[in-house]
Amino acid sequence: MFHAERMADFALGLRFDDLPDAVVLAAVRAVADTLACAVGAIGEPGPAILRRYAIERGGRPEATLLGGEERVDLPLAALVNGALARDLDANDLYAAPPGRDTGHFSDAIPAVLAAAEAAGASGRELLTAVVVAYEIQAALSEAYRWMDRGLHSVSQVAWAVPAAAGRLLGLSREQIVSAIGLAGTTGGLILQSWLKPSLAIPMVKGGAPGFAGQAGLQAALLARAGFTAPPDALETLFDRLPSDADPAPFERLSPPYAFTTPRNMLKRYPAQIYTQAAVQAAVELHPEVGNVDDIAVATVYGHRGVAAGVQGSAAAYTPESRATADHSTPFVVAVALRDGDLTPASYQGEPWKDPALRDLMQRVDLVIDPAFERALVEEGRFGCRLVVEMLDGRRLEATVEQQRGHPDNPLSRDELLAKIRGFTDPVLGDGAAERLLAAAEALPQATGVDALIAACRPA
C-alpha cells in the first residue's frame, strides 16, 4: 500500500468516537491556541499584504478571513489565515522522538477550518479533521529527514491538508490520494531558504504555511473535480532525494491507532521554541534582579538551539525586525529580565532598536553546555541554566529542566488563557480570550464552526 493510500484510509476511517479524551483535549487546545496566534498577527505587515491580495481577487465567498467579515474562496482563505497563525512564531511544535524531524502541526488548522466552514461541518468533524492533520504530519516528520534535505518542515502541511480537508469536503479515497500527490509534488517541497544566521528573516518565514495550506486545498478541490495525480509521490521523493526514510510511523495510521496529537508543545511565550526555557528562567529571576542596569553579565548555558545557530548568531545581537528578534536568544532574555514577561506587546515599537536594551543584550553571553546538549539530543529536553552576575557581587541562578508548555510539563488552563489573552485582547478587546477559549471548548457539542470564527472578531 502506498503511503498516500494509507493516509486516505486514515482520513476517511477515523471517527470522533475513536478519539481518547486526551486527544480531544489536545485538539481543542490546539485550535484555541492557533486562532489566538492568528488574531494577534492581524495587521502585521506580511499577513496584511496577503489579506489585501485575497480581497482584491475575490472569488467565491466560501470561507472567512480571520478577524473580519470578508469571505473568499477556500485556497485564498487558507493562504491568509495560515500566514496569520504562523506570523508571530507562537504556535505549537511537535515534541518528536529524539533525532527525528518536527513541525508546527497547527500550521494546517487554518486550512482545515476553512474547509469545515465551507462544508458546514460540526465541531466534532472539525476536531476529527484536525487530529487527522496532526497524526499525518507526525508520521511525515518522523519518516523522513526533511530539514537535512533542505526542505522546511512546513512542507508536511501540503501533504496532510488534502487528507484532512478532503474528508470534510466529501472526497472519495481515490480523490484524496490524487490530492495528496498533486499537493505534495506541486506545493509540498518547500525549500528551507530563510533561516540563516547571516541573513534577516523575510516575510516568507511566516507566510510559508499559508502557501502550503493553499496548495493543499487547491489540490483537494481539483481532485474532487476529477484531476488525477500519482499515488506514489511520497515514495518517489524518498527514492529520488533519499534520507533514512522509515515507513514505520505510517503504520500508526492504521487501527489500533497510537495517537501522537497530545505530544505537541504549546509555546508559553511568542518566541522561537529553543528560546522558551531561557525566557522562562529570565522571568523567574526578574524579581531578584531589580534594575537591569545593575547586571554585569547574564549567561545562558544550554544546547546549540539556544546558544548557537540563528538564535545565538552575531546577527541575533542586532536584530532588525520582529522576525529576527523573536529568534534571538539575547533579545528575548534581555526583555524577560527587564520586564518579567514576554508577550506580543513586548515587540511593539521596535524595541530591538532601543540603545539601552541593545546594551543589555550585549551583556547576555551564550554557552553551549554538553549536558544540556545531550539532554536535548538524547532525551528531547529543552532546558537550560541562566546565571546572572550583578555588579554588587550577587549571583542569581535559575535552571529549567523542561519548559512549560511541553507535554511533559503542560500549561494549565489558566496559563493557556493568559497566553491567549495576550494575543487576542489587545486586538479584539477585553474578554476576547475567554470567548475564544469557550468557543473552542464547546466544539464537541457545536453543530457548526460559526461561533468559533465569530470569536476571532471584535464582539
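A brief look at the structure comes next. In this text, all values refer to a predicted model and were calculated from it rather than measured experimentally.

**Remarks on the nonpolar core**
Link 1 in the chain: Judged by nonpolar contacts, the single largest core of 119 residues is most densely connected at Leu 126, Ile 136, Leu 217, Phe 250 and Leu 452.
Link 2 in the chain: Here the element with the most residues in this core is helix 6 (residues 123–143); it accounts for 13 residues.
Link 3 in the chain: Excluding anything up to four places from it in sequence, Phe 250 contacts His 3, Arg 6, Met 7, Ala 139, Leu 140, Ala 143, Leu 234 and Phe 238.
Link 4 in the chain: Ranked by size, the runner-up nonpolar core spans 40 residues in total, among them Ala 277, Val 332, Leu 366 and Ala 398.

**Description of the environment of Val 24**
Link 1 in the chain: Relative to the assigned elements, Val 24 resides in helix 2 (residues 21–40).
Link 2 in the chain: Judged by its relative accessible area of 12%, Val 24 falls in the buried class.
Link 3 in the chain: For the pair formed by Val 24 and Glu 441, sequence separation is 417 residues and the distance between their alpha carbons is 9.7 Å.
Link 4 in the chain: In this structure Val 24 touches Phe 16, Leu 19, Leu 127 and Pro 444, once residues within four positions along its chain are discounted.

**Focus on helix 2**
Link 1 in the chain: With 20 residues, helix 2 should reach 28 Å at 1.5 Å per residue; the first-to-last C-alpha distance of 29 Å fits that figure.
Link 2 in the chain: Of all 20 residues in helix 2, 17 are buried; the element is thus mostly enclosed.

**Some remarks on the side chain of Asp 73**
Link 1 in the chain: Considering the arrangement of structural elements, one finds Asp 73 in the loop between strand 2 (71–72) and helix 4 (74–87).
Link 2 in the chain: Although buried, Asp 73 forms no salt bridge, and the nearest oppositely charged side chain, Arg 60, lies 7.7 Å from it.
Link 3 in the chain: Excluding residues that lie within four positions of it along the chain, Asp 73 makes contacts with Gly 58, Gly 59, Arg 60 and Glu 62.

**What to know about unusual backbone geometry**
Link 1 in the chain: The amide bond that connects Pro 255 to the next residue, Pro 256, takes the cis arrangement and shows omega of -5°.
Link 2 in the chain: Turning to its location among the elements, Pro 256 is positioned in the loop between helix 10 (233–240) and strand 4 (264–265).
Link 3 in the chain: Even without being glycine, Asp 89 reaches a positive phi, approximately 55°.
Link 4 in the chain: Position of Asp 89 relative to the elements: it lies in the loop between helix 4 and strand 3 (93–94).
Link 5 in the chain: Residue classification places Asp 89 among the buried positions, given a relative accessible area of 1%.
Link 6 in the chain: Of note in the backbone geometry, Glu 350 takes a positive phi value of approximately 50° without being a glycine.
Link 7 in the chain: Positionally, Glu 350 belongs in the loop between helix 15 (329–339) and helix 16 (355–362).
Link 8 in the chain: For Glu 350, a relative accessible area of 40% puts it in the partly exposed group.

**With respect to the side chain of His 327**
Link 1 in the chain: Considering the arrangement of structural elements, one finds His 327 in the loop between helix 14 (322–325) and helix 15.
Link 2 in the chain: At 3.4 Å, the side chain of His 327 and the side chain of Asp 89 are in polar contact.
Link 3 in the chain: A polar contact is formed between the side chain of His 327 and the backbone oxygen of Ala 323, at a distance of 3.5 Å.
Link 4 in the chain: Discounting chain neighbours no more than four positions away, the residues touching His 327 are Asp 89, Leu 195, Ile 201, Lys 205, Gln 272, Val 310 and Gln 311.

**Some details on the pairing of strand 5 (residues 295–302)**
Looking down a regular strand, the side chains alternate between one sheet face and the other.
Link 1 in the chain: Of all eight residues that make up strand 5, six are buried, and the element is covered over most of its length.
Link 2 in the chain: Bridge count for strand 5 against strand 6 (residues 364–368) is five bridges, and the pairing is parallel. In the strand pairing of strand 6, Thr 299 is matched with Asp 365.

**A closer look at the sheet that holds strand 6**
Link 1 in the chain: Reading across the sheet, the four strands line up as 6-5-7-8 and stay open at both edges, with mixed pairing between neighbours. The strands lining the two open edges of the sheet, one partner per strand, are strand 6 and strand 8 (395–400). In this sheet, adjacent strand axes meet at a mean angle of 15° when their direction is disregarded.
Link 2 in the chain: Contacts from helix 11 (residues 276–289) reach strand 5, strand 7 (384–390) and strand 8, with the element oriented near 145° to strand 8.

**Some words on the pattern of salt bridges**
Note on pairing: side chains with opposite charge can pair once their charged atoms come close.
Link 1 in the chain: Following the criterion strictly, the structure yields 29 salt bridges and no others.
Link 2 in the chain: Asp 107 is the partner of Arg 86 in a salt bridge, and the nearest nitrogen-oxygen pair spans 3.8 Å. Here Arg 86, found in helix 4, pairs with Asp 107, found in the loop between strand 3 and helix 5 (109–119); they are 21 residues apart in sequence, far enough to count as distant.
Link 3 in the chain: A residue is classified by how much of its surface remains accessible, and Asp 107, at 2% relative accessible area, is buried.
Link 4 in the chain: Its salt-bridge partner being Arg 385, residue Glu 397 comes within 3.7 Å of it at the nearest N-O pair. On the criterion of sequence distance, the pair formed by Glu 397 in strand 8 and Arg 385 in strand 7 is long-range, its members being twelve residues apart.
Link 5 in the chain: One salt-bridge network, held together by shared partners, links Arg 86, Asp 89, Asp 107, Lys 205, Lys 267 and Asp 326.

Rules of the game
Residues numbered from 1 in each chain as written. Predicted model: local features only at pLDDT ≥ 70, side-chain atom pairs only at ≥ 80, totals over all residues. Heavy atoms only, no water. Core = buried A, V, L, I, M, F, W, Y, C linked by side-chain atoms within 4.5 Å. Buried < 20%, exposed > 50% of the residue type's maximum accessible area, 1.4 Å probe, protein only. Helix = DSSP H or I, 4+ residues; strand = E, 2+ residues; numbered from the N terminus. Contact = heavy atoms within 4.5 Å. Expected span 1.5 Å × (residues − 1). Lys, Arg positive; Asp, Glu negative; His and termini not counted. Salt bridge = Lys/Arg side-chain N within 4 Å of Asp/Glu carboxyl O. Polar contact = N/O pair within 3.5 Å; in protein donor to acceptor, adjacent residues only side chain to side chain. Pairing = 2+ DSSP bridges. Axes fitted to C-alpha atoms, helices over the stretch in contact; angles between N-to-C directions.

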